[in-house]
Amino acid sequence: MIQQAIMRDRIMQLLIRWVFVVLPTVVIGYITLRFINFSYTAFTEGIPVQTLYFAAGLLLAYSLYFFRARWIVTFAGLWLAYWIAERIIVKLPGEFDVFYATAKFQLYSALFLFGWLFGFLLVRVKYSYIILFGVLAVTTLVAISNTIDISLTYMLLHLVPVVVYGLYMLFLSPLLTETLEMDLKKSGRLLLRFSLFLILVVLAFVFVERIFKKDLQAVEKELAARGAKENKEGSEKMDGEYDERFGLMEKRPDGKDDGYRLKDTMKINSKMSQSDRLMFCSKLNNYFPDGNPKPLYFVYHYLTKYDPVRETFIRDVAVPFFDEFNADPSELAMYHAKEDSSVIRNSLAKKKRVVVEAEVYLASSTWKHSLLAPASAFYCQTIPVEKDFQKTFISAYKIKSYASELNNAYFVYNPSSNPMLEAYQEERFEELRNVNGYRNVDSTFYSYYTELPSGPLYDSISKLSYTLTKNVTRPVDKVIAVRDHFLQRDEDGKRIFRYTLKPGGVDDPNIPNASMLDNFLFKTHAGYCTYYAGASLLMLRALGIPSRFTTGFATINRSDKNKGWYWFYASQAHAWTQVYFPGYGWLDFDMTIGNEEQQGAPRPDGTPPLPPPQPWLVLNAKAVSAPDLKRKRLDVSFTNIIYFDEAYQLNKSFERPIDASICRILYDKKDTTLSAIQPGDSVIVVSYKDEAKVILPPRRGVPIESQVAAFPVPIIADEIHIKPKEKTKKEDAVTKKNTTKEENGMTWQEILMLAGKITGTMILLIFLLPLFYLIYLTLRSRFTTNPKSKADSVYRSALYQFHMAGVERTNETPLDYARTKIDPVFHAGFEQFMHIYLRLKYGVGTFLPGDTDTISRFAGGFGPAVRKTKGFFTLAMNYFNILLASRYFTQSEKNEQENQLPL
Amino acid sequence: MTDNPLTSSHSAKLLTLSQNIEKIIRGKPQEIKYVVTALLARGHILLEDNPGAGKTVLAKTLALSISEGADGINHATGGGVAFKRIQFTPDLLPMDLIGSYIFDEEKKDFVFKKGPLFTHVLLADEINRASPKVQSALLECMAENQISAGDTTFQLDKFFFTIATQNPIEMEGTYPLPAAQLDRFFMKITFGYVTEEVELDIYNNYLKIGDVKNSVKQVLTYNDVINLQQEAENVYLHQEIVKSIVKLVQGTRHHQDIALGCSTRGGIIFIKCLKAWALVNQRTYVIEDDIRALAQPVLHHRLIFRNREASRVALQQLVDIEVNRLAKLGINSKA
């Protein structure tokens, strides 16, 4: 009978725990699984089914271990069951896809095991909920971080369930260790207490939010910018064509990392080539003498070094005469420029050199950090995009770069059917025949650009190239011979080499390696641009001709409607070879043959963006005060200006009011309002040349400072660009040094760090609350002068400190508490004090001689007494025990429900 | 008034009284205090326990401590007080208590022969064994301090203290006291058994203990008791304590597990007892501990609970709430 009763009670307890522990855990498991499903596609069944497996494991384990099952036995049993089940599945007859079945089985057994482990931990390990909380939080964070459309709110909202679960378990756990006797009323109270606790957390959050407000706003701004951007991308992604392309130019070509990075190299495959997505457009000021536009290929990267391990070309840092312009337009403030004269020096071109100017309008945000320029760029200036075109183009910059007169897109291309262009081409070859060889070339340079390992693979290529060029001596003829090899036809007049997007059926996005190229040259004869460029590069280097692999965009002049404007679609992504000719520098040679079988429908050009208005003045300024929103004024100070396209550094700082009444305010290229400007913000103030304004043209011979002093007051601004905070800039600079991954403003790591910091501070604050209260009480008792109030504050302080020392007053009156619980332990004379205190409290309230002494003796003595008895460390740890502290404040509630003692 | 009006003589007297009783009743200091409290509050007390727990002895000891002997009625002189003991039986009649008119041969008239009720300390043993008629006769005296016989009303002395005892075990021919009559008793206390050591001590000294009459000395006079009763009324009662009493009384009326709550008379009695209790504990002010200590003996028997569990817990819960409320109050919070 008794056995039965105990059993029934035990089962009741289990049922209660199912409701209070297992159910919430299943719910949180479901939520977490939902997040995981958003990010990963490993699961095939629906989320409820997954949860079912998880819940089954959890419930079974929880119930088993609740009835004190041995863990070794159960785990061994579990493993055995798994093993047998797996055997059976593998042996299943035919129509079952064994692989699929096994994978599915393993997946779900993993889920089951997870549930099992959770159940085990919950029953057996005392503070297991901390582990669970950690696991869930990490999982959720990882799942969230994989989401594209991310915002602070999104992140917080998704973390909330986990946090709530953690707090819930934290709250519940002390009840779980004892016998948890629940009825409706008590669970209601529990709910109330839990919500009170939550309110406390929310308050702490609000507090933290106030502290970190500035940082948070920065994050918000950043996220808003990002979110909008990524939304745009997301919607375009819906076309479903080539999501992989976004990685294409993610990283800046700063060359700081010599490792092989997939995303650095041009991923040119069928998807890319078939895409008709607009990448950018450009106005290129390069014309033939007769006024016809003279297009140039736009370079993105050079791949210079041959990596024998991967058998392919990679980017390199230690390049002799490195002429890649290291600039990130997104880092430049509006209208500001960067110039690198070393590029001019390193371009090694003296003859036929021209400076070409171009405006580049980027259509996709992935190009933000990249500089696309014809040949060797050396100057870059950011310019705004005219308002009506901002939907199409996200940013723009002006570049100046070096080009050779000999170089143009018509030349580099294979012989076309156009006889006029072929004549041009022949003219170019004639000019280059002046180059006899590379005798006077810098030896480091020469050996670097002709480096090629030896081996049977390369020997066969080298043999082929020597065979092809046995009749010619000049480098240019050798290059032509290589080109002609690709153009040769068989007896039937059909080309031997074909252009195909699927060489060998493998759709490999990378630069083909040497074996693939060998295969291409001698067997398949089919490939696309990277195959042609890679193969010709190997051949040219074998012949001792300095050459490099170039990725970028082929330029196509489609119509004469907008002369000088070129449109670049994803399908124009290209790879070709640059060959070095002493005196002329690097010249483009494109060996890729045309696709005879398929001709893509020519894409029409778009409408070129209107040129942005010309500014007469650009101030690189700092907001001195908060903007005057009523009068639309802003006070700024500045020392750097651009005045009629000329940059000046002033010898003193000027302070001027800005009239922002007709002004656009932008933050990270997104429109915002004047109120977004905070004192201390760095801003770029732009004022256009405009009939309505009083503009003083620059006067020669007059010091710039006095010209600035004569500027009209206020300066009427047309655009104000808010720069991200200095701090983030600095952090950026640090990351720039260490890593190559950079982004404007804050990176995800920084945002996560900030989120972590905030959470940490919040938790710390919550855990410090008991200590704060102690400090408050101590200070109060120390500084109260009125003897009665002093007695009172000493009383409170003592009650709190004794409580925090671990001796809790449960149902006793304070006097009983002092007599039965405190004094036997601490010998602090609390009872004596209590007698006086109670007399003062409930009596008429006159002091007797000696009262004040007793009070102050107790006030000074009980702290040390507690410390002596409990030990400083234990005591200090107690103050971090938020549960203990919360019991002090919720005492009466507890008494109400927990008093089961007979009188 | 100061906080310490308790003169040394008063406190000494109270101490000697307690000590005097403790000589006989071993291991029950709390119960002794309760009885003294009821005495000082000008109330009556009901002792309930199994036979042989020492109820009668306690009552006798108390009476002897403040009287010269069973019949020494000499209160005008400030000597001891009178003590009477009535054993209640089912066949007891009211006139056995009150007294009756008998014919005086000499005066040729009916004269009233006073019954045992005309005393100062009355021990009403096994009160629940008497018929309701008798019980109500006794209770009238307790409440009104007067006795009605025929058309005459006799005023009792202002010092009239009843110690009633009853057995909890239902026996044949018992008449349980109704709630209205229980209400008249200021306190109802149970004795319970003593601890092992105390019991050992009792057995070792049973001879001495048994001889109550000789071993108990009179330590208080009639006047002393009257003075102490006066003193108890002067005990200071803080407004917050009054508030707590109100809340406690109201709480019993609204508690879901209590069918019949405490009456206002109950509240007044509670206050009287609190004051007396404070005095017994050598204090001139009431503290929250007093509420905790007295709630059970003063209030519990006035309430009717819906179930056994509630009878055990409900009052305690209400007291806990008030004690915690008071414990958290600041020193200067006077209403």
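What counts as what
Residues numbered from 1 in each chain as written. Chains lettered and ligands numbered in written order. Predicted model: local features only at pLDDT ≥ 70, side-chain atom pairs only at ≥ 80, totals over all residues. Helix = DSSP H or I, 4+ residues; strand = E, 2+ residues; numbered from the N terminus. Buried ≥ 20, exposed ≤ 12 C-beta atoms within 10 Å, placed from the backbone. Contact = placed C-beta atoms within 7 Å. Pairing = 2+ DSSP bridges. Axes fitted to C-alpha atoms, helices over the stretch in contact; angles between N-to-C directions. pLDDT = per-residue confidence, 0-100. Parallel < 35°, antiparallel > 145°, perpendicular 65-115°, else oblique. Left-handed = near helix turned anticlockwise from the far one by under 90°. Expected span 1.5 Å × (residues − 1).

A. Just the overall build of chain A, in detail. From N to C terminus, chain A includes 27 helices and 23 strands. A buried classification covers 34% of the 903 residues belonging to chain A.

B. Fine view of the environment of Phe305(B). Residues and elements named next belong to chain B. Tracing the backbone through its elements, the reader meets Phe 305 in strand E11 (residues 304–305). Measuring from C-alpha to C-alpha, the distance between Phe 305 and Ile 258 comes to 4.4 Å, with 47 residues separating the pair along the chain. In this view, Phe 305 contacts Asp 257, Ile 258, Ala 259, Ala 310, Ser 311 and Ala 314; residues no more than four positions away in its chain are not counted.

C. The arrangement of the sheet that holds strand E1 (residues 45–48) of chain B in detail. Residue and element names in this part refer to chain B. On the basis of which strands lie adjacent, the open sheet formed by five strands has the order E2-E5-E8-E1-E9 and parallel pairing. Two strands in the sheet have a free side with no partner beyond their single neighbour: strand E2 (83–87) and strand E9 (187–190). Put simply, the sheet's adjacent strands are angled 15 degrees from each other on average, direction ignored. Where E2 and strand E5 (residues 121–125) come together, five bridges link them in parallel fashion. Of the residues in E5, the one forming a bridge with Gln 87 is Asp 125. Across the face of the sheet, helix H2 (residues 29–40) comes into contact with E1, strand E8 (161–166) and E9 while running at roughly 165 degrees to E9. Packed onto the sheet, helix H3 (residues 55–65) meets E1, E2, E5 and E8 and runs at close to 170 degrees relative to E5.

D. Expanded view of the confidence of the model for chain B. Residue and element names in this part refer to chain B. Here chain B averages 81 in pLDDT, and 88% of its residues register 70 or above. Within the model, pLDDT remains below 50 along residues 1–5, and this stretch shows twelve contacts once partners closer than five positions in the same chain are excluded. Residue range residues 69–78 is modelled with pLDDT below 50. Its contacts to residues more than four positions away, or to other chains, number 14 contacts. Across the assembled chains, the prediction reports ipTM 0.83 with pTM 0.47.

E. Molecular detail of the packing of helix H12 (residues 264–280) of chain B against helix H13 (residues 288–299) of chain B. Residues and elements named next belong to chain B. One way to put it is that H12 packs onto H13 with a least axis distance of 10 Å and a crossing angle of 130 degrees. One element, H12, and the other, H13, form an angle in the oblique class. Remark: the crossing between H12 and H13 carries right-handed chirality. Contact residues: Gly 266, Ile 269, Phe 270, Cys 273, Leu 274, Trp 277 and Ala 278 in H12; Asp 290, Ile 291, Ala 293, Leu 294, Val 298 and Leu 299 in H13.

F. Structural context of the sheet that holds strand E16 (residues 615–623) of chain A. Residues and elements named next belong to chain A. Strands sit in the order E20-E19-E23-E21-E16-E17-E18-E22 across an open sheet of eight strands; the sheet is mixed. Sheet topology places strand E20 (670–672) and strand E22 (715–716) at the edges, where each strand pairs with a single neighbour. Sheet topology note: the strand E19 (residues 664–667)/strand E23 (residues 719–722) ladder contains four bridges and is parallel. Within E23, the position partnered with Tyr 667 by the bridge is Ile 722.

G. Up close: helix H23 (residues 830–842) of chain A. When the terminal C-alpha atoms of H23(A) are compared, their 18 Å separation across 13 residues agrees well with the 18 Å that a helix rising 1.5 Å per residue should span. The buried fraction of H23(A) is high, at ten of 13 residues. Listed in full, the buried residues belonging to H23(A) are Phe830(A), Phe833(A), Met834(A), Ile836(A), Tyr837(A), Leu838(A), Arg839(A), Leu840(A), Lys841(A) and Tyr842(A). Contacts from the buried residues of H23(A) go to helix H21 (787–804), helix H22 (814–826) and helix H24 (851–870) of chain A together with helix H11 (239–254) of chain B.

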